[in-house]
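Observations on the three-dimensional arrangement
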Amino acid sequence: MDMKMIYARLTKIFRDLFDNDSIVLTPETTAKDVEGWDSLAHITLIVTIERTFKMKFKMKEVSSMKNVGQMAEIIATRTKL
């Protein structure tokens, strides 16, 4: 799966979860950039992403993600397997 497809799917997830059709994700997007992205929403976001992409993040990965770009890179790596 290429990065364009990953970002398209992530954008849909973010827009649905945060009920905001104006969200535009970039590799630099962080929780500070998305209204409502708090710790509880983060858990829901991770679970939704795992289900959508049919993969599991490792706890170490979840805790070390600094932005959407790092999240997308992990998804790209995992979906190549």
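Residues numbered from 1 in each chain as written. Predicted model: local features only at pLDDT ≥ 70, side-chain atom pairs only at ≥ 80, totals over all residues. Heavy atoms only, no water.

The backbone of Asp19 shows a phi angle near 50°, a positive value even though the residue is not glycine. Mapped onto the elements of the fold, Asp19 is located in the loop between helix H1 (3-17) and helix H2 (39-53). When its relative accessible area of 72% is taken as the criterion, Asp19 is described as exposed. Of note in this structure, Lys54 is not a glycine but carries a positive phi near 50°. Checked against the element boundaries, Lys54 lands in the loop between H2 and helix H3 (59-64). Take Lys54: its relative accessible area is 74%, and that puts it in the exposed class. (Helix = DSSP H or I, 4+ residues; strand = E, 2+ residues; numbered from the N terminus. Buried < 20%, exposed > 50% of the residue type's maximum accessible area, 1.4 Å probe, protein only.)

Low-pLDDT portions of the prediction should not be read for the details of their coordinates. Looking at the protein chain as a whole, the pLDDT averages 95, with 99% of positions reaching at least 70. For the protein chain, per-element mean pLDDT is lowest for H3, which scores 92, and highest for H1, which scores 97. (pLDDT = per-residue confidence, 0-100.)

Take a nonpolar patch on the surface next. Residues Leu40, Ile43 and Val47 make up a contiguous nonpolar surface patch of roughly 280 Å² in combined accessible area. Residue placement: Leu40 occurs in helix H2. (Patch = residues over 30% accessible without salt bridge, like charges linked within 9 Å, V, L, I, M, F, W, Y side chains within 5 Å. Areas by Shrake-Rupley, 256 points an atom, 1.4 Å probe, with all protein chains shown as cover. Salt bridge = Lys/Arg side-chain N within 4 Å of Asp/Glu carboxyl O.)

Attention now moves to the nonpolar core. When a protein is soluble and globular, its nonpolar side chains tend to lie buried together. With 25 residues, the main nonpolar core has Leu10, Phe14, Ile49, Phe53, Phe57, Met71 and Ile75 as its most contacted residues. Contributing elements (two or more residues each) for this core: H1, H2 and helix H4 (68-79). Ranked by the residues each element gives to this core, the list is headed by H4, at 6 residues. (Core = buried A, V, L, I, M, F, W, Y, C linked by side-chain atoms within 4.5 Å.)

Right, let's talk about the side chain of Arg78 for a bit. For Arg78, the location among the structural elements is in helix H4. By relative accessible area, Arg78 is classed as buried at 18%. Of the polar contacts made by the side chain of Arg78, one reaches the backbone oxygen of Lys56; its length is 2.2 Å. If we skip the residues at most four places from it in the chain, Arg78 touches Met55, Lys56, Phe57, Lys58 and Glu61. (Polar contact = N/O pair within 3.5 Å; in protein donor to acceptor, adjacent residues only side chain to side chain. Contact = heavy atoms within 4.5 Å.)

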